Amino acid sequence: MNKGKLKQILLITDGCSNHGEDPVAMAALAKEQGITVNVIGILEENIVDQDAINEIEGIAMSGGGVSQVVYAEQLSQTVQMVTRQAMTQTLQGVVNSELQQILGKKVTMEELSPEKRGEVMEVVDLLGETIGMEILILVDTSGSMKPKLPTVKESLLDLSISLNSRIGENQFSVSVFPGKKEEVETVLEWTPKLESLSSIFPKLTTGGITPTGPAIRDGIHSFKKKRSLRSLLSDDEQYFNESNM
């Protein structure tokens, strides 16, 4: 099985988008390009915003990911749970596809005998510990998110510690929307270490529009740019090796 890398967008927001492209459509575009979109909605205590909940669920469903609506104090464990759950869900999809290719018909894990299903889940668990992961985190910094940002920062640091216990390579990038000058601003370029957030988060400003669709579109572009750079470096390395033979 070609392990490749798992690509996830993790969107953390507390309200409805109100600017730019439809975020549900952008999530569908991400899914088409092999990127899972997961959404965590942070709600105020005792306030039920059904429009916000519908959008959160719609984005995740369209993006092939997982959604969860929480209060701020539950955020830390939720970020880890959603990321892991989405990873397992994606891997199960990959394994189902492999099963269909091997057996030549549409077979899912649910149709296997309990013994065979157990064996397949062992493969999924192993892949979950060893596969490379690229997670682009999109943080809503509209005005109402201001009191929640310290919790978001702590949650992402906990996520980093949790995922760094894996054998597989992790790469993280963080963007905020709206940015200071643009709709979306990258505050942490691709890195294996999320700890750098400690110095970035206190400097973030909050307020303005909520361009969720443009943020997802920008996330897709970030994965493309990373892939192009990796391809370029690979070509340079091959040229260097050939020229020294």
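Numbering of residues begins from 1 in every chain and follows the order in which that chain's sequence is written. For this predicted model, a pLDDT threshold of at least 70 governs which residues receive local features, and a threshold of 80 or more governs which side-chain atom pairs are given and counted, while totals over whole chains, interfaces and linings are taken from all residues. Only heavy atoms go into the side-chain values, all of them from the structure, while hydrogens and water stay out.

Caption draft 1: Expanded view of the overall build of the chain. Regarding its fold elements, the chain presents seven helices and six strands. Secondary structure elements follow DSSP: runs of H or I no shorter than four residues count as helices, runs of E no shorter than two count as strands, and numbering proceeds from the N terminus. Order of helices (α) and strands (β) in the chain, N terminus to C terminus: β-α-β-α-β-α-α-β-α-β-β-α-α. Think of it in three bands: with a 1.4 Å probe and only protein chains considered, a residue is buried below 20% of the maximum accessible area for its type, exposed above 50%, and partly exposed in between. A burial count over the chain gives 45% of its 245 residues as buried. The contacts in the chain between residues at least 6 apart in sequence include a share of 78% that link residues at least 24 apart. In the form shown here, the chain has an accessible surface area of approximately 12500 Å², with 52% of it arising from carbon and sulfur atoms. In what follows, a contact means two residues having at least one pair of non-hydrogen atoms within 4.5 Å. Computed with a 1.4 Å probe, the accessible areas rest on the Shrake-Rupley method; for each residue, only the protein chains presented here act as cover.

Caption draft 2: Highlighting the pairing of strand E2 (residues 35–43). The buried fraction of E2 amounts to nine of the nine residues, a majority that puts the element mostly inside the structure. Bridging between strand E1 (residues 5–13) and E2 involves seven bridges; their strand directions are parallel. The partner of Ile12 across the bridge, within E2, is Ile40. When the strands point away from the viewer and the connection leading from the first strand across the helix to the second strand turns clockwise, the crossover is called right-handed. Between the parallel elements E1 and E2, the chain passes through helix H1 (residues 23–32) in a crossover that is right-handed. Any two strands are treated as partners once DSSP identifies two or more bridges connecting them.

Caption draft 3: Here's a closer look at the sheet that holds strand E3 (residues 64–71). Reading across the sheet, the six strands line up as E3-E2-E1-E4-E5-E6 and stay open at both edges, with mixed pairing between neighbours. Here the strands that pair on one side only, and so sit at the sheet edges, are E3 and strand E6 (185–191). With direction set aside, neighbouring strand axes in the sheet form an average angle of 15 degrees. Inspection of the sheet shows strand E4 (residues 132–140) paired to strand E5 (residues 170–177) by eight bridges, in the parallel sense. From the neighbouring strand, Asp140 faces E5, where its bridge partner is Phe177. Contacts from helix H2 (residues 50–62) reach E1, E2 and E3 within the one sheet, and its direction differs from that of E3 by about 155 degrees. Inter-axis angles, ranging from 0 to 180 degrees, are taken between N-to-C directions of lines fitted to C-alpha atoms, where helices are fitted over the stretch in contact.

Caption draft 4: Structural context of the confidence of the model for the chain. pLDDT runs from 0 to 100 and stands for how confident the predictor is about each residue. When the pLDDT values of the chain are averaged, the result is 80; 83% of them are 70 or greater. Between the elements of the chain, mean pLDDT differs from a low of 71, seen in helix H7 (residues 212–243), to a high of 95, seen in H1.

Caption draft 5: View of the pattern of salt bridges. For this document, the term salt bridge refers to a Lys or Arg side-chain nitrogen within 4 Å of an Asp or Glu carboxyl oxygen. The final tally for this structure, using the stated rule, is five salt bridges. One salt bridge in this structure joins Lys5 and Glu169, with 3.1 Å as the shortest N-O distance. Of this pair, Lys5 sits in strand E1 while Glu169 sits in the loop between helix H5 (149–163) and E5; the two residues are 164 residues apart in sequence, bridging distant segments of the chain. The class for Lys5 is partly exposed, based on a relative accessible area of 30%. Glu169 sits in the partly exposed class, given a relative accessible area of 44%. Notably, a salt bridge pairs Glu21 with Arg217, separated by 2.3 Å at the nearest N-O pair. Note that Glu21 is positioned in the loop between E1 and H1 and Arg217 in helix H7, a separation of 196 residues in sequence. In this structure, a network of salt bridges that share partners links the residues Glu21, Glu183 and Arg217.

Caption draft 6: Geometry of the environment of Ile161. Examined against the element boundaries, Ile161 turns out to sit in helix H5. Between the C-alpha atom of Ile161 and that of Leu194, which follows or precedes it by 33 residues, the distance is 8.7 Å.

Caption draft 7: A look at the side chain of Gln8. For Gln8, the location among the structural elements is in strand E1. According to the relative accessible area criterion, Gln8 is buried, its value standing at 1%. By the criterion applied in these results, polar contacts are pairs of N or O atoms within 3.5 Å in which, for protein atoms, one can donate a hydrogen and the other can accept it, and in which residues neighboring in sequence qualify only through two side-chain atoms. Separated by 2.8 Å, the side chains of Gln8 and Asn38 make a polar contact. If sequence neighbours within four positions are ignored, Gln8 has contacts with Ile35, Thr36, Asn38, Thr83, Ala86, Met87, Met133, Glu134, Ile135, Leu136 and Phe223.

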